[in-house]
Amino acid sequence: MLDEFIHEPRIAYFSMEIALRNEMPTYAGGLGVLAGDTVRSATDLELPMVAVSLVSRAGYFRQEIDAQGRQLEHEEIWDPRSWAHPLDAKIAVRIDDRSVWIGAWLFVLEGHMGGRQPVLLLDTDLDENSSDDRAITHYLYGGDNTYRLKQEIVLGIGGVRLLQALGFAIRHFHMNEGHSALLGLELMRRYTYPVEELRPGESPYDLPRVRDLCSFTTHTPVEAGHDRFSYELVKRVLDNGFDMQVIKGLAGEDSLNMTRLALNLSEYINGVAKKHAEVSNAMFPGYKVHAITNGVHPYLWTAENFRQLYDHYLPGWCHEPQLLMRADCCIPDAAIWEAHVQAKQHLIEKVQSLTGVVLRPDIAIFGFARRMTAYKRPDLLFSNLERLRAIARKHPFQIVLAGKAHPRDENGKQIIAQLHAQASALADAITVVYLPDYDMALAQLMTAGVDVWLNTPLPPFEASGTSGMKAAFNGVPNLSILDGWWLEGCLEGITGWAIGDATGLPDDNARALYDKLEQVVLPLYYNSDRSAWIKVMKGAISKNASYFNSHRMMRRYATEAYAR
Ligand SMILES: *Cc1c(COP(=O)(O)O)cnc(C)c1O
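Residues numbered from 1 in each chain as written. Predicted model: local features only at pLDDT ≥ 70, side-chain atom pairs only at ≥ 80, totals over all residues. Heavy atoms only, no water.

### A closer look at the domain arrangement of the protein chain
The assigned domain composition of the protein chain is domain 1 (2-195 + 202-295 + 553-561) and domain 2 (304-548). One C-alpha centre belongs to domain 1, the other to domain 2; they are set 32 Å apart. In this assembly, 37 residues from domain 1 lie in contact with 37 residues from domain 2. Of the roughly 2,900 Å² buried between domain 1 and domain 2 on both sides combined, carbon and sulfur atoms contribute 57%. In this structure, the connection of domain 1 to domain 2 is made through three salt bridges. Between Glu488 and Lys274 there is a salt bridge, with the nearest N and O atoms lying 3.7 Å from each other. Viewed at the interface, domain 2 and domain 1 are joined by 15 residue pairs in polar contact (both at pLDDT 80 or more). Of all the secondary-structure elements, those providing two or more residues to the side of domain 1 that touches domain 2 are α2 (30-44), β3 (62-65), β4 (71-74) and α10 (274-283). By residue number, the principal contributor to the side of domain 1 that touches domain 2 is α10, which donates four residues. Here the side of domain 1 that touches domain 2 is built from residues that sort into 15 nonpolar, 14 polar and eight charged. (Domains from an automatic or database assignment. Contact = heavy atoms within 4.5 Å. Buried area = accessible area lost by both parts, 1.4 Å probe. Salt bridge = Lys/Arg side-chain N within 4 Å of Asp/Glu carboxyl O. Polar contact = N/O pair within 3.5 Å; in protein donor to acceptor, adjacent residues only side chain to side chain. Helix = DSSP H or I, 4+ residues; strand = E, 2+ residues; numbered from the N terminus. Nonpolar A, V, L, I, M, F, W, Y, C, P; charged D, E, K, R; others polar.)

### Side note on the site of the ligand
Around the ligand sit 14 residues, and of these Arg370, Lys376, Thr466, Ser467 and Lys470 come closest. In the environment of the ligand, an oxygen atom lies 2.6 Å from a nitrogen or oxygen atom belonging to the backbone of Thr466. Between Ser467 and the ligand, the recorded distance is 2.5 Å, taken from a side-chain N or O atom to an oxygen atom. Contact with the protein chains covers 95% of the free accessible surface of the ligand, which is 390 Å². If you list the elements that add at least two residues to the shell around the ligand, you get α2, α16 (440-449) and α17 (467-473). (Near = heavy atom within 4 Å. Areas by Shrake-Rupley, 256 points an atom, 1.4 Å probe, with all protein chains shown as cover.)

Listed below in structure tokens is the structure:
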């Protein structure tokens, strides 16, 4: 079954989460979608890769929201047999001083252009393991720190061993975020100097060789986003064959910091947007953090009507999304508007089926959907309800929201409840709907079907953000705080609009948001001459989608990170 994949040298791409299909809840949000888009682009570009992730049999969670706006979390059990093939090979790792066996499922990613790429989904739910150990790969981002460390041992150490057992030829390892950094320890164990060549006290590990083989992409400037494990825990759980002094030298004296470990074991390090690379360079002095700005997969994130439009006017756009730069001149206004009207109608139908609310096609829809957490500030738009009402009296609009909060992010869950209360309070003046269980399929409908895509993070915490790029592929302009990718993507009034000037305080940001909506965005939307609005839609396609796509991103990884 693996024969077609094991002969050619491949890039091993390690990610704790990966969005492969909407039916497979092996992802939580942006990081997993990016991982999926990475492999999808590598497939289209015929860049041989093998992705390694966890099977996450009980998923992240299915979100339900009750009448009070409280998030309820349900297991989202899926059956790997529906989409993947079991592989025979098994390897063991030491966890808690016993052997934990790891098998894998092979998911073959089939690109829309005919490419095929293997994805290994690691699974400890095997007869050989105790019931506790069988659950290690059940819950994505579930459990406590001990559970997380066990998952990361399975991913990093187990992943490398299994690739070898299956006969893969790996030419480079890419760590997507620090979760997989233990793979470096396994490579260190593999590449040691012969004992007889060592001077007394000298480290046996061939670190330059390991570093040459590894690249690391860091994804967040939020401190809590970097996994840390106490050495007391590490000593208990991790294989004691590792020399603790060496690990401390690489991963930090006080605790095992997965980001530090990844930084120290990778020759090539990058952040996910230019600003994020700058912030990361300041966070991690002594390392060179490059910038490869994220992108989204052209075909996956373009709604059917727009795909047809691009196929007709810009053939080849799927493989060379740069061709979209011609969208502003080469596609008639009426065709753009017609495709948008249809995408908007699809969203309106979905909103009705999920909530019973019927949105109006002739009124502007603003969209905001992403992980619900404090720094993303989903509540900024609602910080002054009177002002919002006053704007809506002049220029009406509707709002569609969605997003999950991490089960342990109490603050994020409170924000969801508060958004529901505010939606009710506004009901007489502005239709606000909150769609439950945000996933890839909803993201596709929302980013294509709204009129304006909003993002209001607290700088500098939005490392990149990718949902606004999905909007651009569908001619939906962004209205966003200048942070992450939007610092590179915003051309005021041409691709969308900035909120404030990147330095403002929360109160200033809210005022800037309201001012921009009231004085610029909505008057343009309702201008009797629609061509000025369509010009911005075309600007989003020709100047954002042509660049912020995962094909460009992968071509850069291929030439700058993997080709060493
Ligand atoms: C694209 C996507 C995200 C990321 O959204 P950001 O605005 O980049 O935070 C999160 N969840 C899902 C389901 C997505 O498709």
